[in-house]
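Remarks on the overall topology
Chain by chain, the residues run as shown.
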Amino acid sequence: MDRKIQHIGVFTSGGDAPGMNACIRAVVRSALNADLMISGIGSGYQGMLEGDFVSLGTSDVSNIIQRGGTILKASRCEEFKTSAGMQKAYDNLRQKGIDALIAIGGDGTFRGANEFISKFNFPVIGIPGTIDNDMYGTDFTIGYDTAINTVVEAVDKIRDTAEAHNRLFIIEVMGKDAGFIALRSGIAVGAEAVLIPETKTHVDELIAYLQRRGENKNSSSIIIVAEGDDAGGALEIAAKVKEHYVDYDTRVSILGHMQRGGAPTCMDRVLASRLGVGAVTALLEGKTNEMIGIIHRDISFTPFEKACKHHKNINKHLLNIVETLSG
Ligand code: F6P
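For the structure given in this document, a descriptive report is provided here. (Residues numbered from 1 in each chain as written. Predicted model: local features only at pLDDT ≥ 70, side-chain atom pairs only at ≥ 80, totals over all residues. Heavy atoms only, no water.)

1. Points about the pairing of strand E5 (residues 124-128)
By the criterion of burial, E5 is predominantly enclosed, with five of the five residues buried. Burial along E5 is two-sided: Val124, Gly126 and Pro128 facing one way and Ile125 and Ile127 facing the other are all buried. As paired strands, strand E4 (residues 100-105) and E5 are joined by five bridges and run parallel to one another. Across the sheet, alanine 103 pairs through a bridge with glycine 126, a residue of E5. Read from E4 through helix H4 (residues 107-120) to E5, the crossover connection turns out right-handed. (Buried < 20%, exposed > 50% of the residue type's maximum accessible area, 1.4 Å probe, protein only. Helix = DSSP H or I, 4+ residues; strand = E, 2+ residues; numbered from the N terminus. Pairing = 2+ DSSP bridges. Right-handed = clockwise from strand over helix to strand, strands pointing away.)

Given below as structure tokens:
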């Protein structure tokens, strides 16, 4: 496609992630540097349907690099999935003169974009923004590093009180389909076990292991469980453990949405800035229907269809490390 792009629309969609603002800033400023017009679209696809567009200048994105959330707001929009919804979105974009899009979000966002492109041949580049880090085609997604650091800070505090009372804490972290948050933060807090959706959880083995630890007079234990684990979330796992192992004083802590907020880490700000600049360049080079990412430190592009279809694999070495290092 060699039509010249003049006006980019940028939006954030799905669950928000720390670093989305840094990314919006990068997209806006690099578009303006290239003499393009840039509009923010409010609340993702919902804003496209409602014509919620605002022209952005360089000062509109001042002092947002350090803020969590997203100044453009985010949503999950069912109406956009319908033919009529997509047509409405397309008509609104054309009316506003927007001729290309940058979508910041996760797999749901890119599935929508992929369908929109196939209907209207509209240029779209995607930027992976989700705390879950579950996008194929990039080593890291925007928000993941901040989320795992938030988990580590919270669990370190829980460890203090767990240790003081010789307790077992079962701590649930986000990740309804993926265990990336659980695995990496689990290693960092020295968790005794990490339970994730990608591997089968054997609660009986977990109980046997906790019993062995009890006999060794280890005083506290931390189990990190991803919310989508096949054996259930923290409450279910705790109920099963308590049923079989009454001696241990067990508590549950569900970290929840605190994992999605807060100031982005340096890693996330830099990642967001690189991907934002790269996405504008990609549109100008005529790329479309692809997600930009970072693989082995370099910018890479993956077609939306592939990024959504393929499952990013858990690093088995990290799982082994949990086992090796748990006492
Ligand atoms: O996709 C990011 C995520 O934070 C998941 O880890 C979590 O399961 C989900 O969003 C929660 O979504 P909501 O904010 O709609 O409850």
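2. Examining the packing of helix H1 (residues 20-33) against helix H9 (residues 266-284)
With their axes 7 Å apart at the nearest point, H1 and H9 run at an angle of 35° to one another. Between H1 and H9 lies a crossing whose hand is right-handed. Here Ala22, Cys23, Ala26, Val27, Ser30 and Ala31 of H1 lie close against H9, whose contacting residues are Arg269, Ala272, Ser273, Gly276, Val277 and Val280. (Axes fitted to C-alpha atoms, helices over the stretch in contact; angles between N-to-C directions. Left-handed = near helix turned anticlockwise from the far one by under 90°. Contact = heavy atoms within 4.5 Å.)

3. What to know about helix H11 (residues 316-325)
Buried within H11 are the following residues: Leu318, Leu319 and Val322. Down the axis of H11, the sector holding all buried residues measures 105°, keeping them to one side. In H11, those exposed residues whose orientation departs by more than 90 degrees from the buried face are Lys316, His317, Glu323, Thr324 and Leu325. Elements in contact with the buried residues of H11: helix H6 (180-188) and strand E7 (193-195). Regarding H11, its N-cap is asparagine 315, as a side-chain oxygen of that residue lies 2.9 Å from the backbone nitrogen of histidine 317 further along. (Arc of directions from axis to C-beta. Polar contact = N/O pair within 3.5 Å; in protein donor to acceptor, adjacent residues only side chain to side chain.)

4. Considering the nonpolar core
Formed by 63 residues in total, the largest nonpolar core has its most connected members in Ile8, Ile102, Ile127, Ile222 and Ile224. Looking at which element gives the most residues to this core, the answer is helix H5 (residues 144-165), with nine residues. Of the domains in this structure, domain 1 (7-143 + 264-309) and domain 2 (145-260) are the two that each give at least three residues to this core. (Core = buried A, V, L, I, M, F, W, Y, C linked by side-chain atoms within 4.5 Å. Domains from an automatic or database assignment.)

5. Observations regarding the site of the ligand
Surrounding the ligand, one finds Arg76, Ile131, Asp132, Met174, Gly175, Lys176, Glu227, His257 and Arg260. Here glycine 175 contributes a backbone N or O atom positioned 3.3 Å from an oxygen atom of the ligand. Residue histidine 257 places a side-chain N or O atom 2.8 Å away from an oxygen atom belonging to the ligand. Protein coverage of the free-state accessible area of the ligand, which is 400 Å², stands at 75%. When each cavity is represented as a set of grid points, the ligand is found to reside in the largest pocket. Of the residues assigned to the shell around the ligand, the class counts are two nonpolar, two polar and five charged. (Near = heavy atom within 4 Å. Areas by Shrake-Rupley, 256 points an atom, 1.4 Å probe, with all protein chains shown as cover. 1 Å grid on protein atoms, 1.4 Å probe; cavity = no way out; pocket = protein on both sides within 12 Å on 5 of 7 lines; lining within 4 Å. Sits in = over half its atoms within 2 Å of the grid points. Nonpolar A, V, L, I, M, F, W, Y, C, P; charged D, E, K, R; others polar.)

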